[in-house]
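# Geometric and topological summary
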There are 6 protein chains.
Amino acid sequence: MLHGPFLDRNWMGQNPDYQESDVVMLGMPFDGTVSYRSGSRFAPELIRLASWGLETYSPLFDKDLEDVNFHDAGDLEFPLGNTQASLNLIEKNVEEIYKDGKKVFGIGGEHLVTLPVIKALSKFYPKDLVVIQFDAHTDLRKKYLGEEMSHSAVMYHIGEIIGFDNIKQIGIRSGMKEEFDIMKKYKTKLVFPEQLSRFKNKNVYITVDLDVLDPSLMSGTGTPEGGGFTFNDLMEWFKNLEDFNIVGADVVELSPHYDNSGVSTAIASKVVRELLMCM
Amino acid sequence: MLHGPFLDRNWMGQNPDYQESDVVMLGMPFDGTVSYRSGSRFAPELIRLASWGLETYSPLFDKDLEDVNFHDAGDLEFPLGNTQASLNLIEKNVEEIYKDGKKVFGIGGEHLVTLPVIKALSKFYPKDLVVIQFDAHTDLRKKYLGEEMSHSAVMYHIGEIIGFDNIKQIGIRSGMKEEFDIMKKYKTKLVFPEQLSRFKNKNVYITVDLDVLDPSLMSGTGTPEGGGFTFNDLMEWFKNLEDFNIVGADVVELSPHYDNSGVSTAIASKVVRELLMCM
Amino acid sequence: MLHGPFLDRNWMGQNPDYQESDVVMLGMPFDGTVSYRSGSRFAPELIRLASWGLETYSPLFDKDLEDVNFHDAGDLEFPLGNTQASLNLIEKNVEEIYKDGKKVFGIGGEHLVTLPVIKALSKFYPKDLVVIQFDAHTDLRKKYLGEEMSHSAVMYHIGEIIGFDNIKQIGIRSGMKEEFDIMKKYKTKLVFPEQLSRFKNKNVYITVDLDVLDPSLMSGTGTPEGGGFTFNDLMEWFKNLEDFNIVGADVVELSPHYDNSGVSTAIASKVVRELLMCM
Amino acid sequence: MLHGPFLDRNWMGQNPDYQESDVVMLGMPFDGTVSYRSGSRFAPELIRLASWGLETYSPLFDKDLEDVNFHDAGDLEFPLGNTQASLNLIEKNVEEIYKDGKKVFGIGGEHLVTLPVIKALSKFYPKDLVVIQFDAHTDLRKKYLGEEMSHSAVMYHIGEIIGFDNIKQIGIRSGMKEEFDIMKKYKTKLVFPEQLSRFKNKNVYITVDLDVLDPSLMSGTGTPEGGGFTFNDLMEWFKNLEDFNIVGADVVELSPHYDNSGVSTAIASKVVRELLMCM
Amino acid sequence: MLHGPFLDRNWMGQNPDYQESDVVMLGMPFDGTVSYRSGSRFAPELIRLASWGLETYSPLFDKDLEDVNFHDAGDLEFPLGNTQASLNLIEKNVEEIYKDGKKVFGIGGEHLVTLPVIKALSKFYPKDLVVIQFDAHTDLRKKYLGEEMSHSAVMYHIGEIIGFDNIKQIGIRSGMKEEFDIMKKYKTKLVFPEQLSRFKNKNVYITVDLDVLDPSLMSGTGTPEGGGFTFNDLMEWFKNLEDFNIVGADVVELSPHYDNSGVSTAIASKVVRELLMCM
Amino acid sequence: MLHGPFLDRNWMGQNPDYQESDVVMLGMPFDGTVSYRSGSRFAPELIRLASWGLETYSPLFDKDLEDVNFHDAGDLEFPLGNTQASLNLIEKNVEEIYKDGKKVFGIGGEHLVTLPVIKALSKFYPKDLVVIQFDAHTDLRKKYLGEEMSHSAVMYHIGEIIGFDNIKQIGIRSGMKEEFDIMKKYKTKLVFPEQLSRFKNKNVYITVDLDVLDPSLMSGTGTPEGGGFTFNDLMEWFKNLEDFNIVGADVVELSPHYDNSGVSTAIASKVVRELLMCM
């Protein structure tokens, strides 16, 4: 028999036992509705690979990845080209995670994957569920090019489930006038990390569209928008979420084929590590 | 008023008047069913841009682009995410071209765009229509990942329209066993340029999936397969098609975002030029 | 006849009618004097292409591109290798624009293209013409490597036309000692956006050399200089120019071949959109 | 519990059961002695990832990957910086594979990894062991820059174990005069595929340094040398090895960080597939 | 005889006479212990090449490179694969520089090259030697993967020579818990440029690991870490070091093969220019 | 004093003494008239750098670089933007080389640099001077975009000096009809290496425009043209030139900024090595 040692090909610092874990990392390599530059389907595996280049220790949280009891469940296999069946698959698996008393940590794929996650979650947290969205784009369209199921419409559909006033948006800098009108109407926009404190007693779900970061750092995404956050800006917000009741989270929209230097993928991996520290 | 002169932003050497032209170049920037590395929707405009870097004269055919009376009609605008409506749009516009007594020269987009073109054509050429396919892949699947409308199934659907024995395949080097069985059954495979002579009296449609070229030259495509044609190999086949009754043609599957050096796009543009010379 | 619909290949949101427009966008793909990394001749068409990926709405100005009545006139065709004839061509066409009661919005090309624009403008605005230059480099050399007509000398020649004290420079961080001496002598440097208010009653021309942005964002330029503006820094200056009497503007020095990730080109396109909002 | 389905992250078409398999694929991500452009340590995982984009069917061999009963054992974990301990680890694990009655299929890493494999093998095949080397470089140096353990010396050390006349070299086009003298002395060079027939009754080990392929196709390698094989050239040699008694094989020297377009990695994956078909 | 003129291939603005110079620039293209993405051995020559694209004048220091009397001695040639012999070679040459009454300005190569420099220096400055380290990583490991001589352990070994309390660290944001414990114990961390004033009377050596800069700017390094300095952040620290008794300096860890756009190399070159201005 | 050893930064295997050398390698980093993708001014230094990665031994010629007694004189410094002064500088320096009884081996730069070399040479070889041109393009235009001094016109001007029937062209596959007419009229085209034997008694100058190689290998050039030579094709021609009376040679048109993978530059370096072997 082979004695190795062999490289562990899972996320650095994971708990190999699903049953014993508290948080389940779930890869969702779906990018079927992407309008401009696609390829986020390759993200979960490449973020995993890049995790091997990280330290397990976070100076920001003074905590080690091994203190977070998470299990890397691998990546779902989707029926390519069938958006609805793909979304159902996510919803079903996420439901299982919560039935088992655990929380999900999703890795996209495009932003639309957040919709079935919230659908599943809303059954377990029928009230006081707040979705905190880090994003460059409002994603508040009703339809995009005639299609309801689009990554540009994901927050609109989530609003219909949990109520638009339970969406809180951070880093938004692009969208249509109608979308900005919705933002104003429901006061979804947060500007200072301190504004988060109001949600401390809520059930908080965090969704990070990586294009919230400036394209200087995050060139590897579908729709880069100038004027974004530095890495430290994002970390300041995360630090303010430290003792929250976070019931789930995801990190989406890395498009590794547009990341020639490997920097975007390395950053995505570190965003995942730091967000895991919050949970 | 401005007097310029201004750069002509259309294909080099085109006839600006649709009515007076014999061949209509039609951009079809659709890549909705692509399974691996997408982005061929950006191809028509970038091939057009690269055409400005070409000479108008072809030493191979001893002919000038201006001798080919073609009009660049621009690129169709598709309802993103709606495959069937997109295919219908192509079919309808191609029908118009043949109603007007002209021929189409399509620029993809993914290979599925050839299907509605052939649907339209088959109404005008109900018999003796032969499709000559340059490609690395058989594209003879019935379905791909559960979907009938896929670029991997395009030739299967064309076979259902014109008969599988009217498909002739050149450069194929990848597919499933079942697909190779169809190839054998219907003797679709051509190995030597001289074998083309049998089709001289037919109505010939030529479809060039650029991945027929070796990935050393054509890195900018969705599914690169080793062991492909050199540029001169392809030209030898084209030269043998010189006096044929070509009723239409297309060049598909350039994926410019995977073409870091610009070589694939330049080659695509030259393939278009030389194929125009055949018509 | 073809019914399409066809993609509009002009700048997103333009007015197709020159006569009815207020602002004329003029591509000036000239890079004949560039000393280090050239290729800005490819910029106007690629910025145009990238405009299709933008929203038409600007949250910063709460305005839509369609509110700006601009016409995309296309790109001038230059006699390659003949610098003087190229500059004359620009001057002549820009004069026409002002004769027609419109304003120019130029897209370079290298920075030298601003010189003939100012020559033309100064005939229509013989006094109170102030040029506000966003740039990493002073461009105040008399000659560069023995040649007077150089992109490194463009502001010197403009100073000779409108007076050096009518040049205002923002973001400068590189040059020779002699150039910095001219800056001090004529107090050309602005440090805070609020300093702009003095020029509110002037006829203001804005020229944006994209290397004013940090190379982390703008790798795709000829001479990247560390220590530049973030996108938001630049927007803060633009916001302060909102109600000015802007008589013309240009955005120059994108070198798309050095922009592997596409981010620089996307940013250039957004800089153009936001600067259009000021006019 | 999660029901998935989940993506299989191992080599496409593998047998998940080591015990039941005939061939064991062993990743050896070691590149400690590389002199020029390193990074082959990243190759095994990225070749594995690229395998998902391949068909399982090989038209050349008319065989399916599932007909080859191979197990993907994963990648060894090496003590970084310690060459000798790394080589020992390989030797020990490969010995286990042959003790278990199986054959090894190694994925490098640099070419030096072949040395401990041959050391282990030579214990099981003390005679009639022939090593067939596909390579651009002779690798017949005694030392390289003062070090005996170097990828440039691997074949020299193998010659000392199995005898230099049991080395057969294909595709060599670079080396020092002394190395070419050894080649002549021991007649190691093969020029035509037909020359292979002499070794049909031997125990044949095949080592493929991917730089045997032309750099037009294989830019992603440490030391690209012009004048190499096309993919089809290599396949012709493989086809001639079809019914041989192949006791082991490896594919080495992919350097994925120099493979911007992804083509070299895709080709490496296909070389592995076709070589598996021979075994 | 040839009269040229020929391009000077040395660092821009150098003094060609070693004897007459005050500062000796020494290229140390060594990267033998790098764990992740190597290639810093190519840095000295490419930084030198990029220096030709710089101005000689620094607006920040209002000084010209010609005011700094430095000589470019070229790059040491190392015995590849032999770490200890390489380090000895550096130590010996640096000793010569100080025997000749000059100071060293090293260009790496990986960070381990700083160790033999400090070994040599500590013989000439047996007391009051302070090492100021700009870096993303603590580099305070005792061993890395079992090896003492590693770029991740360089500061630990330097601490053993000069005392850990004589190490001052700026920009650190990654490391193991044990390393951060050492930092706390010896109070090595500096947060504000003003804290530097305490070391004005010391003999200061400055070592700049370029990964202290944010990966948005410095993608071309072995281990990019989000949350780094902007170029101006670094310059502010340099400006505070202006009148210090700087006895030597180095700039290390550029990995040019990960710098597709050329920006990292250009920045590295400018960091060298500005740091030379301090000396 | 420093004892090093230091890396030799000149061409591998050169003779450091100009006086004692037979062949003088002269870098001519001029690209002032390039119409499409420029940057060949960076070629001489980067080809030199890449030479360090080569072996000194050529198996094709069974000869070592040290057998060729050549001196690397470095790169001329040109007055940027002044084409005529640049060409004069080349002519003057090349004249010196022949006055000193040596031969030139030029490294471009764009193809126009060959013109002043031939001007100088024709004074020393007033008759029987034949120029053998390897190129994708005829370069036989009288003017290009109104300018006589253009890299597209270089062979026309050379024809005026030495007579068009003394131009022999190999690999040509692009040009205007008028240029191909000149080729036919003067029978400039060679198709088989054996046709070279007629020129064995002539004074032969060889000029290699690297775009004669296929763009799959030589992406790093200004105007890539499909259908070019493989490296081995070119070597076959070189091998046939082995015992010729070669009075000078050059290798031009590498554009390193379009060579992402480094392969084109490595190939250029090897072409130089093999061509040196002929002399």
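See the structure shown above.
First, a word on what this report is: a plain description of the structure on this page. (Residues numbered from 1 in each chain as written. Chains lettered and ligands numbered in written order. Predicted model: local features only at pLDDT ≥ 70, side-chain atom pairs only at ≥ 80, totals over all residues. Heavy atoms only, no water.)

## Looking at the relation of the copies chain E and chain F
As a reminder of what qualifies: When the copies are superposed, the least-squares fit draws on C-alpha atoms of residues that have pLDDT of at least 70 in both. Between two residues, a contact is recorded if the distance between any of their heavy atoms is within 4.5 Å.
For the pair chain E and chain F, the superposition axis carries a translation of 0.0 Å, the fit reaches an RMSD of 0.0 Å, and the rotation angle comes to 180 degrees. Interpreted geometrically, this transformation is the action of a two-fold axis. Every residue of chain E has its C-alpha some distance from the rotation axis, and the shortest such distance is that of Asn260(E), at 3.6 Å. With an isologous cut-off of 70% or more, the 100% of interface residues of chain E that recur at the interface of chain F puts this contact in the isologous class.

## As for the interface of chain E and chain F
Threshold: Throughout, buried area stands for the accessible area (probe radius 1.4 Å) lost by two parts on being put together, summed over both. For salt bridges, the criterion is a side-chain nitrogen of Lys or Arg within 4 Å of an Asp or Glu carboxyl oxygen. Distance and chemistry together define a polar contact, namely a pair of N or O atoms within 3.5 Å, with one atom able to donate a hydrogen and the other to accept it when in protein, and with adjacent residues in sequence counting only for side-chain atoms on both sides. Secondary structure follows DSSP: runs of H or I at least 4 residues long count as helices, runs of E at least 2 residues long count as strands, and numbering of each begins at the N terminus. Three classes are used, and their members are as follows: Ala, Val, Leu, Ile, Met, Phe, Trp, Tyr, Cys and Pro are nonpolar, Asp, Glu, Lys and Arg are charged, and the others, Gly among them, are polar.
Of the residues lining the interface, 30 residues belong to chain E; the matching set on chain F comes to 30 residues. When the buried area of chain E at its contact with chain F is split by residue, Met1(E), Leu2(E) and Arg9(E) rank highest and sum to 27% of it. Taken together, the connections running from chain E to chain F amount to 2 salt bridges. For Arg9(F), the salt bridge identified is with Glu45(E), shortest N-O distance 2.9 Å. Inspection of the chain E/chain F interface yields 17 residue pairs in polar contact (both at pLDDT 80 or more). Of all the secondary structure elements, the ones that give two or more residues to the side of chain E that touches chain F are β1 (23-28), α1 (43-51), β4 (70-75) and α2 (83-99) of chain E. Here the element with the most residues in the side of chain E that touches chain F is α2(E); it accounts for 5 residues. Taken together, the residues of the side of chain E that touches chain F sort by class into 16 nonpolar, 6 polar and 8 charged.

## Quick look at the sheet that holds strand β9 (residues 203-209) of chain B
All names here are of chain B. Applicable threshold: At least two bridges found by DSSP between two strands is the condition for calling them paired. Fitted lines through C-alpha atoms give the axes, limited to the stretch in contact for helices. The angle between two N-to-C directions lies from 0 to 180 degrees.
An order of β4-β1-β5-β10-β9-β6-β7-β8 is seen for the 8 strands of this open sheet, with the pairing classed as parallel. At either margin of the open sheet sits one strand with a lone partner, and together these are β4 (70-75) and β8 (189-190). Here strand β6 (residues 129-134) runs beside β9; their pairing, made up of 6 bridges, is parallel. Counted as the bridge partner of Ile132 is Ile206 from β9. Most of the contacts of helix α1 (residues 43-51) go to β4, to which it runs at about 135 degrees, and overall it touches β1 (23-28), β4 and β5 (103-108).

## Quick look at the packing of aromatic side chains
All names here are of chain A. Convention followed: The rule is short: rings of Phe, Tyr and Trp, with Trp giving its six-membered ring, pair when the centres are within 6.5 Å, and they are stacked under 30 degrees, edge-to-face over 60, tilted in between. Our definition puts a charge over a ring when NZ of Lys or CZ of Arg is within 6 Å of the ring centre and also within 35 degrees of the ring normal.
Tallied over the full model, the rule gives 54 aromatic pairs over all chains. Ring-pair connections join several aromatic residues into one group, and the members of that group are Tyr98, Phe124 and Tyr125. Looking at Lys102, its charged tip hangs above the ring of Tyr18, at a distance of 5.3 Å from the centre.

## Some points on helix α1 (residues 43-51) of chain A
Note: α-helices contain 3.6 residues per turn, so residues at a spacing of three or four share the same orientation. Here is the rule: A simple rule labels every residue: compare its accessible area, found with a 1.4 Å probe on the protein chains alone, to the largest value its type can have, and call it buried under 20%, exposed over 50%, or partly exposed in between.
Among the 9 residues that make up α1(A), 8 are buried, leaving the element largely enclosed by the rest of the structure. Buried residues of α1(A): Ala43(A), Pro44(A), Glu45(A), Ile47(A), Arg48(A), Leu49(A), Ala50(A) and Ser51(A), and no others. Contacts from the buried residues of α1(A) go to β1 (23-28), β4 (70-75), β5 (103-108) and α7 (263-278) of chain A together with α1 (43-51) of chain D.

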